[in-house]
Amino acid sequence: DNPDDGDDFKIGEDMDIDGTVENHDNNNDFDVVIEAILYNMDQDEEVETVELESQNIQEDSDESYDLTLTIPEDSDLDTDDTFLLFVKAYDDGNEDENCNYEQIEVDLERDTHSVAVTELSANPSIVSCGDSVSFTVDVQNIGEKDEDDVRVKLLQPELGMTLFSDTFKLDKFSDRDNDA
């Protein structure tokens, strides 16, 4: 039911997928697995996959489902490529005989200016009052343009802590480690 053919999604965005699976067999219940696959047709590869654990669908009835597929913050994704979303429902353990799928084309977009935090770590990870802590924040430019004045801000209001990194340049589709 959702998303619709031709819908636009941004890199890093959650794609909410919902629909209904119908069991047309009037003699058998099925344990159905639902899988959503974002596929890059130009690169002939899966970009991301999400699976919903099997759920029992009784004979001659239907069940609604909701999945969330997060579009990776991947600098290698070419937004000019053709992307298909496949949603597949199959009988758990019997996929060859009871399987059906729907597919739609979706468009991926990249913001002109977009920087993503890809990892945050603290050393040491457990501290007491008065201890020194260092933080490493990995950031990646997932936008279409170079960023000249990037600065990482780390804050913890309950402790009254606000830290800033030095300003740095981040070329498009590049990443950098920053220490605070």
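Student: How do you make sense of the nonpolar core when you look at a structure like this?
Tutor: In summary, soluble globular proteins display a tendency toward joint burial of nonpolar side chains. The biggest cluster of nonpolar side chains holds 27 residues, and the ones touching the most others in it are I17 and I71. Broken down by secondary-structure element, the contributors of at least two residues to this core are β2 (14-22), β3 (30-40), β4 (45-57), β5 (62-70), β6 (83-91) and β7 (99-109). If near-sequence neighbours (up to four positions away) are discounted, I71 is found in contact with F9, K10, I11, G12, E13, M15, L38, L77 and L108. Counting six residues, the second largest nonpolar core, distinct from the first, contains V137, V139, F168 and L170.

Student: Which parts of the structure should I look at to understand the pattern of salt bridges?
Tutor: Side chains that differ in sign of charge can pair as their charged atoms come close. For the structure shown, the criterion picks out four salt bridges. With a shortest N-O distance of 3.7 Å, E35 and K88 are connected by a salt bridge. Of this pair, E35 sits in strand β3 while K88 sits in strand β6; the two residues are 53 residues apart in sequence, bridging distant segments of the chain. Here K88 makes a salt bridge to E95, at a shortest N to O gap of 2.8 Å. Given a relative accessible area of 32%, E95 falls into the partly exposed group. Where salt bridges share partners, they join E35, K88 and E95 into one cluster.

Student: Honestly, the sheet that holds strand β1 (residues 8-10) in this entry has me stumped. Any pointers?
Tutor: A sheet is described by the order of its strands in space; here five strands give the open sequence β1-β7-β6-β3-β4, paired in mixed fashion. Here the strands that pair on one side only, and so sit at the sheet edges, are β1 and β4. Strand-to-strand twist of the sheet, defined as the mean angle between neighbouring strand axes without regard to direction, takes the value 30 degrees. Taken together, the nine bridges between β3 and β6 define a ladder with antiparallel strand orientation. Bridged to A36 within β6 is V87.

Here is what the cut-offs are and how they apply
- Residues numbered from 1 in each chain as written.
- Predicted model: local features only at pLDDT ≥ 70, side-chain atom pairs only at ≥ 80, totals over all residues.
- Heavy atoms only, no water.
- Core = buried A, V, L, I, M, F, W, Y, C linked by side-chain atoms within 4.5 Å.
- Buried < 20%, exposed > 50% of the residue type's maximum accessible area, 1.4 Å probe, protein only.
- Helix = DSSP H or I, 4+ residues; strand = E, 2+ residues; numbered from the N terminus.
- Contact = heavy atoms within 4.5 Å.
- Salt bridge = Lys/Arg side-chain N within 4 Å of Asp/Glu carboxyl O.
- Pairing = 2+ DSSP bridges.
- Axes fitted to C-alpha atoms, helices over the stretch in contact; angles between N-to-C directions.

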